[in-house]
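If you want the building blocks of each chain, they are given just below.
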Amino acid sequence: MEQSTRTPALPPLPPAPGGQTHPSVELANSVVVVPGAEPVDSLATPAEATRWLVEHDLAPAGVELQQYCSALLMDLRHHVRSLFGAVGDGTEPPAVALRAVNDALVRTPTAALLGWDPQAGWQRVAPHPTTQIVEHALASLAVDVAELVTGPEADRLAACEAAPCNRFFVRTHARRRWCSTRCGDRVRAARAYARRSGAPTPA
Ligand SMILES: [Zn+2]
C-alpha cells in the first residue's frame, strides 16, 4: 500500500461568519483549501452535491441529483467566487460572472406562494418544487447573492487573508481579516516563527 505523505486531516472548519444567514457564502466556501492537504470540495460528486443542497435546505431529502446538476452548482460557485472577489476588492465584476448569476436568478420562480388553511389562514409558503430541483436551488442561491451584494453587509464581505485559505466571510467587525480563529492562529504562529528565525514576516 502506498505510504501517505498527507498531514492528518483537521476537523472541518465551522461555517465562516455570514454563512449561516447567506447560503451563497456557503456555496462560495464549499471548496476549501487547507494547508498541507488536498482541497476539500463538497460538490465534487452528485452524491456530495445532493447532500450539500439538502443540508442547506435547498433540496428535499431523498432527491438524487445527476452529474450535470453537480456541474451546474460548481459552475455557479466559480462565478459567485469571482463576483464576491470583486465586491471584496471594490472592483468591477467580470461580465461573465454577473451574467451567470443573472441567468441563475431567472431559471425558475423563487417567490413564496400564497396559501390558505383553516388553522393558519393566509400565509406565504416557500415553494417546494418536485421538478427543476437544481434550477430552484441555483435561483435561490442567486437571489441570496443579489441580496447580499446590494444589502448592508456588502461592504463587510471579504476574502480570508490567511493564505492558502480561500474562504469568504462577512466581517463581524471592521478589522477582522480571517474567516476563523484557526486561520488567525496560523497567521500569528507563522509571524512568531518568522520573528524567531529572521525570515520575512508573512502579512
Ligand atoms: Zn480562512
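First, a word on what this report is: a plain description of the structure on this page. Because the structure is predicted, anything quoted here is derived from the model rather than measured.

Parameters at a glance
Residues numbered from 1 in each chain as written. Predicted model: local features only at pLDDT ≥ 70, side-chain atom pairs only at ≥ 80, totals over all residues. Buried ≥ 20, exposed ≤ 12 C-beta atoms within 10 Å, placed from the backbone. Helix = DSSP H or I, 4+ residues; strand = E, 2+ residues; numbered from the N terminus. Pairing = 2+ DSSP bridges. Axes fitted to C-alpha atoms, helices over the stretch in contact; angles between N-to-C directions. Parallel < 35°, antiparallel > 145°, perpendicular 65-115°, else oblique. Left-handed = near helix turned anticlockwise from the far one by under 90°. Contact = placed C-beta atoms within 7 Å. Core = buried A, V, L, I, M, F, W, Y, C linked by C-beta atoms within 7 Å. Arc of directions from axis to C-beta.

So, about the pairing of strand 4 (residues 121-125). In terms of residue burial, strand 4 counts as a barely covered element, since only 0 of its 5 residues are buried. A loop of 3 residues connects strand 3 (residues 113-117) with strand 4, the two strands running antiparallel in sequence.

Turning our attention to the packing of helix 3 (residues 67-89) against helix 4 (residues 95-105). Direction vectors running N to C along helix 3 and helix 4 enclose 125 degrees, while the axes themselves pass 8 Å from each other. One element, helix 3, and the other, helix 4, form an angle in the oblique class. Regarding helix 3 and helix 4, the two cross each other, and that crossing is left-handed. Only Val96, Ala97, Leu98, Ala100, Val101 and Ala104 of helix 4 make contact with helix 3, whose side of the interface consists of Leu76, His79, Val80, Ser82 and Leu83.

Attention shifts here to the nonpolar core. With 43 residues, the main nonpolar core has Leu76, Leu138 and Phe168 as its most contacted residues. For this core, the element with the highest residue contribution is helix 5 (residues 133-150), accounting for 9 residues. For Leu138, the residues in contact, after removing those within four places along its chain, are Leu72, Leu76, Ala104 and Arg107.

Within the sequence span of helix 2 (residues 46-55), burial applies to Ala49, Thr50, Trp52 and Leu53. The buried residues of helix 2 occupy an angular sector of 160 degrees when the element is viewed end-on, so they sit on one face. Opposite the buried face of helix 2, by more than 90 degrees, sit the exposed residues Ala47 and Glu55. Against helix 3 and helix 5 lie the buried residues of helix 2. Phi turns positive, to about 60 degrees, at Asp57, one or two residues after helix 2.

Moving on: unusual backbone geometry. The step from Ala163 to Pro164 runs through a cis peptide bond, and the omega angle for that step is 5 degrees. Mapped onto the fold, Pro164 is located in the loop between strand 5 (157-159) and strand 6 (168-170). For Asp57, which is not a glycine, the phi torsion comes out positive at approximately 60 degrees. Inspection of the secondary structure assignment puts Asp57 in the loop between helix 2 and helix 3. Overall, Asp57 belongs to the exposed group, with 12 C-beta atoms counted inside 10 Å.

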